[in-house]
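# Structural features, examined
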Amino acid sequence: MIGLVEATDANNGIDGVTTYSVVEVDSRFRLDDNGGVIVFGFFDREVDVSSILITISAVDAPGGPIRYTAYTNVSITILDINDNFPIFTTNHQYKSLPENTPVTTSIAQFIATDIDIGLNSQIRYYIPPG
Ligand SMILES: [Ca+2]
Ligand SMILES: [Ca+2]
Ligand SMILES: [Ca+2]
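The text that follows walks through the structure, step by step, so that each part is easy to find. Residue indices begin from 1 for each chain and proceed along its sequence in written order. Following the order in which they are written, the chains are lettered starting with A and the ligands numbered starting with 1. In keeping with the predicted nature of the model, local features appear solely for residues at pLDDT of at least 70, side-chain atom pairs appear and are counted solely at 80 or more, and the whole-chain, interface and lining totals rest on all residues.

### Overview of the overall build of the chain
Within the chain, the regular secondary structure consists of 0 helices and 8 strands. Where helices and strands are cited, they refer to DSSP runs of H or I of at least four residues and of E of at least two residues respectively, numbered from the N terminus. Starting at the N terminus and walking to the C terminus, you meet the elements of the chain as β-β-β-β-β-β-β-β. With C-beta atoms placed from the backbone, the exposure class of a residue follows from how many other C-beta atoms lie within 10 Å of its own: 20 or more, buried; 12 or fewer, exposed; in between, partly exposed. Counting over 130 residues, the chain shows a buried share of 5%. We call two residues in contact whenever the C-beta atoms placed from their backbones are within 7 Å. In the chain, the share of contacts with a sequence separation of at least 24, taken over all contacts with a separation of at least 6, comes to 58%.

### Structural notes on unusual backbone geometry
The residue Ala 61 is not glycine, and still its phi comes out positive at about 45 degrees. Mapped onto the elements, Ala 61 comes out in the loop between β5 (51–60) and β6 (69–77). By the C-beta count within 10 Å, which is 18 here, Ala 61 ends up partly exposed. Phi is positive for Thr 104, which is not a glycine, with a value near 75 degrees. We classify Thr 104 as exposed; it has 5 C-beta atoms within 10 Å.

### Notes on the sheet that holds strand β3 (residues 29–31)
To summarise the sheet geometry, strands pair through backbone hydrogen bonds and adopt either a parallel or an antiparallel arrangement. Note on pairing: DSSP must find at least two bridges between two strands before they are called paired. With antiparallel pairing, 3 strands are arranged side by side in an open sheet as β1-β4-β3. One side of each edge strand has no neighbouring strand; the edge strands of this open sheet are β1 (3–4) and β3.

### Side note on the environment of Arg 45
Topologically, Arg 45 is positioned in the loop between β4 (36–39) and β5. Expressed as a C-alpha distance, the spacing of Arg 45 and Asp 80, which sit 35 residues apart in the sequence, is 6.4 Å. If near-sequence neighbours (up to four positions away) are discounted, Arg 45 is found in contact with Ser 50, Ile 78 and Asp 80.

### As for the environment of Ile 123
Inspection of the secondary structure puts Ile 123 in the segment after β8 (112–113). Sequence separation of Ile 123 and Ala 112 is 11 residues, and the distance between their C-alpha atoms is 7.4 Å. Excluding its chain neighbours within four sequence positions, the residues that come into contact with Ile 123 are Pro 86, Ala 112 and Asp 114.

In structure tokens, the structure reads:
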């Protein structure tokens, strides 16, 4: 459960609030009978939107002739996890250089990108040992 919405009703008994529902349909969230918001699906920040707004309703007097509905919202932010590898945007290159090339001469430039965000997208470059 990721949150709890609660509605109160001044009436007692059958006219009190008993029914909650997700109005704006995102099938990845469901509500329990007590207004608890429950995750019921999967999220991918890089494929889906990174924030979701769902609307919750509370209805009183189930089955009664006069019923009232209240609405509230839940704003959900999908936080990043490090689930993507860096990808080189430059491929294997063939280079030649004179045997008297000075030290610190740059001979190639490689760039890698990572579609995560923040620390999960930061890239350092290494030449592996061996
Ligand atoms: Ca992802
Ligand atoms: Ca990610
Ligand atoms: Ca990453």
